[in-house]
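What the coordinates show
Each chain, written out:
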Amino acid sequence: MSLLELSGITASYGASQALFGVDLTVGEGEVVALMGRNGMGKSTTIKVICRLLKNSEGSVRFAGQDISGLPAHKAARLGLGLVPEGRRCFTNLTVHENLYASARPGEWTFERVHDLFPRLKERERQMAGSLSGGEQQMLAIGRALMTNPRLLILDEATEGLAPVVRQEIWAAIGALKSSSGLSILVVDKTIAELRRIADHVVVLERGANVWEGTIDGLTTDVKDRYLGV
Amino acid sequence: MIRERYINAVILALMVIISIAALWMDEPFTITLATKAVILALAAVGLNLALGQGGLVSFGHAAYFGVGGYAMGILASHAQNYTPLMEVPFLIEGTNQMPVIWLVAVVASALLALVIGALSLRTSGVYFIMVTLAFGQMLYYFAISWPAYGGEDGLSIYVRNEFPGLNTLVPIQFFGLCFAVLCVVLFMVHRLNQSPFGLALMGAHQNEERARTVGINVTRLRLVAFVISGAITGLAGALFADLNRFVSPVMFDWHTSGQIMIFIILGGVARLCGPLAGASLYIILEHYLGGLSEYWQIYLGLILLFVVLFAKGGIVGGLARKEVRHG
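As a starting point, this report considers the structure included with it. Predicted model, so just to flag it, every value in this text is computed and none were measured.

**Overview of the packing of helix 1 (residues 4-24) of chain B against helix 6 (residues 171-194) of chain B**
Residues and elements named next belong to chain B. Between helix 1 and helix 6, whose axes approach to 11 Å, the crossing angle comes to 175°. When the axes of helix 1 and helix 6 are compared, the pair comes out roughly antiparallel. For the pair helix 1 and helix 6, the contacting residues are L12, M15, V16, S19 and L23 in the first and I172, F175, F179, C183 and L186 in the second. Here the contact of helix 1 with helix 6 is built from residues that sort into nine nonpolar, one polar and no charged.

**Brief notes about the packing of helix 1 of chain B against helix 2 (residues 28-53) of chain B**
Working note: a packed helix pair is described by the angle between its axes plus the distance between those axes. Residue and element names in this part refer to chain B. Put simply, helix 1 and helix 2 touch, their axes get as near as 8 Å, and they point 160° apart. Here helix 1 lies roughly antiparallel to helix 2, going by the angle between them. Our pair here, helix 1 against helix 2, has a crossing hand that is left-handed. Contacts between helix 1 and helix 2 involve M15, I18, S19, A22 and L23 from the first element and T30, I31, A34, A37 and V38 from the second. In terms of residue class, the contact of helix 1 with helix 2 is built from eight nonpolar, two polar and no charged.

**Focus on the interface of chain A and chain B**
With 22 residues of chain A in contact, the opposing surface of chain B contributes 21 residues. When the buried area of chain A at its contact with chain B is split by residue, H73(A), F90(A) and N92(A) rank highest and sum to 31% of it. The interface formed by chain A and chain B contains zero salt bridges. Where chain A packs against chain B, one counts six residue pairs in polar contact (both at pLDDT 80 or more). At the level of elements, helix 2 (72-79), strand 6 (80-83) and helix 3 (95-102) of chain A are the ones that each hand at least two residues to the side of chain A that touches chain B. Of the residues that constitute the side of chain A that touches chain B, the class distribution is 11 nonpolar, six polar and five charged.

**Some thoughts on the pairing of strand 2 (residues 16-27) of chain A**
With nine bridges connecting them, strand 1 (residues 2-13) of chain A and strand 2 of chain A associate as antiparallel partners. Of the residues in strand 2 of chain A, the one forming a bridge with L6(A) is L24(A).

**A closer look at the sheet that holds strand 1 of chain A**
Spatial strand order, 2-1-4-5 (chain A): four strands in an open sheet with antiparallel pairing. Either end of the sheet is taken by a strand with one partner, and the two such strands are strand 2 and strand 5 (65-66) of chain A.

Rules of the game
- Here, residues in each chain are numbered from 1, in the same order as that chain's written sequence.
- Throughout, the order in which chains and ligands are written sets their labels, letters from A for the former and numbers from 1 for the latter.
- Selection of residues for local features in this predicted model requires a pLDDT of at least 70, selection of side-chain atom pairs for listing and counting requires 80 or more, and totals for whole chains, interfaces and linings are taken over all residues.
- Here the side-chain values reflect all heavy atoms present in the structure, with hydrogen atoms and water set aside.
- Helix axes are fitted to C-alpha atoms over the stretch in contact, other axes to C-alpha atoms as well, and angles between N-to-C directions run from 0 to 180 degrees.
- Counting from the N terminus, the helices are the DSSP runs of H or I reaching at least four residues and the strands are the DSSP runs of E reaching at least two.
- Any angle that falls under 35 degrees is termed roughly parallel, while one over 145 is termed roughly antiparallel, one within 65 to 115 roughly perpendicular, and all others oblique.
- Contacts: residue pairs with any heavy atoms within 4.5 Å of one another.
- Classification convention: Asp, Glu, Lys, Arg as charged; Ala, Val, Leu, Ile, Met, Phe, Trp, Tyr, Cys, Pro as nonpolar; all other residues, Gly among them, as polar.
- For any pair of crossing helices, the crossing counts as left-handed if the nearer helix is rotated counterclockwise from the farther one by less than a right angle, and right-handed if it is rotated clockwise.
- Summed over both partners, the accessible area (1.4 Å probe) lost when two parts come together is defined as the buried area.
- Put simply, a salt bridge is a Lys or Arg side-chain nitrogen that is within 4 Å of an Asp or Glu carboxyl oxygen.
- As used in this structure description, the phrase polar contact means that two N or O atoms lie within 3.5 Å; if the pair is within protein, one of them must be able to donate a hydrogen and the other to accept it, and residues adjacent in sequence are counted only when both atoms belong to side chains.
- The rule for pairing is simple: two strands pair if DSSP sees at least two bridges between them.

Written out as C-alpha cells, the structure reads:
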C-alpha cells in the first residue's frame, strides 16, 4: 500500500510554473530517490508534499488522506518529517532544545536519536549555530525523527559536506532503513550512495517525470541526458 | 563573561537591598520609586515575552496596561461609593480586594489580547506594529470620552486596595507585594521559556517555515504568547493604578507603549531580568535627571541611541557579554 501518492501535480511560483504534472509514489517501508539536475523541480516537489507550496492541479495523498488543503503544520503532524536543504536547524537553540521543541510521542526518543548520532549527545548543551555543518545535518535529521514521522524526507542531505561526514550521514540513513522500516524520500545526486539504500528512483526533468525504475536500471543514456553525471 | 543567572540574582537582590536601606534611612519615597520600577518592569516582562521570545513588536501594549488599570479603578471606585457595578441582569458589586481585582485585570486584558492578537497576527512586520498601535489608540480615545469613569481627567481612588494579611498603605509592604508578584511572574516566564512552548516560540521567531515543517502551529503559538503577554501587562496596570491610586487615559497612550518598549531595549531584549534593569535605570534617570532639567529625555535619548548602536543586548546583555539566544 502506498503511503504517499502524488498524481498530476502542477505548481507555480507566481507566474512561473515549476511543476508540470509530477507523479510520485512512496510505499510503506520503501526508500525512493528523487533525482534530476538542479532546477528541475525536486525541491519544489518536496515543498508541495510538505504543504509549503500549494499545488495548482493534481492531488497529494498521504496515509490514505488527501492533504492538498492542509497547512504545513497539520501535514507534518500526520507524519511528514522534513530535513530541509541547507541544514536548517534553529540556530538560536541548543542541540537538546532543538530536539525537545520538535518532540512528539512515539518510538523516536532522545536516547534513540543519540544512539543514531552519538555526537548529538556530546554536543547536547551546545548552541546549534555553533555546530559544524555535518553536526547540524545530524541535528536536522534528529529533529525530524523526533517528530516521529511515517515518511522521512531528506532534501539534499549531504550537499556541501566533507566526504568523511557524508559517509557518516549515509551510514545513518542506511541504518534507518534497515532498523526502523521507516519510509524515506531522498533527494540527492550521488548514485553510488543511493545504490545502497534506494528501492526506487524517479527522475524529474523540467518539472515532469521522465524516467523511473530501480537504481540499477539507470542506463548511461539516462544518466547523461537527465542527471548530468 | 558573567553568567546571566548571577546578573539576574544581583539585579533582584539590589532591588531588595535598596528598599530595605531606604526603610532603614526613613526614605519612603525611595521605596515608592523602587515599587514603581518593579511594576513597570512587570509590564515590560509581559511585552518581552511577545517581543523578545516571539519577535512580535507590539506597539500597543498600553492597551492591556490601561485595561488592568481601569479594572482596578472601576472595581475600587464602586466599592468605595457603595454602588453596584451593574444590577441587571445580575448584581455585580465593586471590590477593594487586590486578588479579585488582579483576577479581573488579568482576565480582561487576556480577552482583549485574544481579540487584538487574533486580528493583528494576520499581519506581520510594520503592519503588525501599526495594527497594535491603532488598537491602543482606539482604547485611549474611548477612555477619554468615557465620562462615567472620569473621562480625560481620570479616576481617583482614595484608599489603596487591600491584600489579606498586609497593610498595603505601608510603602515597604506594598513594595514587598509587588516584588513578590514580579518574582512569581519571572519564574513562570523562565519555565515557559524552557518548555516546548517557549522553545517553539523562539524557533518560530527565527524561522517560521522551519517551525511549521516540524508540526508547530505558528499562528496559534504566537496568539497564546500574545495573550499571556497581555495578561501580564494587564496585571502590572492594576498594580500601577494601585500605586498611584489614580487611573487615567494616559495609561492607554502610545507614549506608555513606547516607554514599556524602552525598558526592554535598555535592559536587554529577550533577557529575563532585562525589563527590571531597564525600568530601574529609567526611573533613576527620570528622578535624578528630571530634577536637573525638564528636558531630561534628551539624555535618555542619547543613552538609548548608545544602547541600540553599541550594546544591543542592553544592560544585561552587556554584562553577560553573551549573544542573545532568542533572536
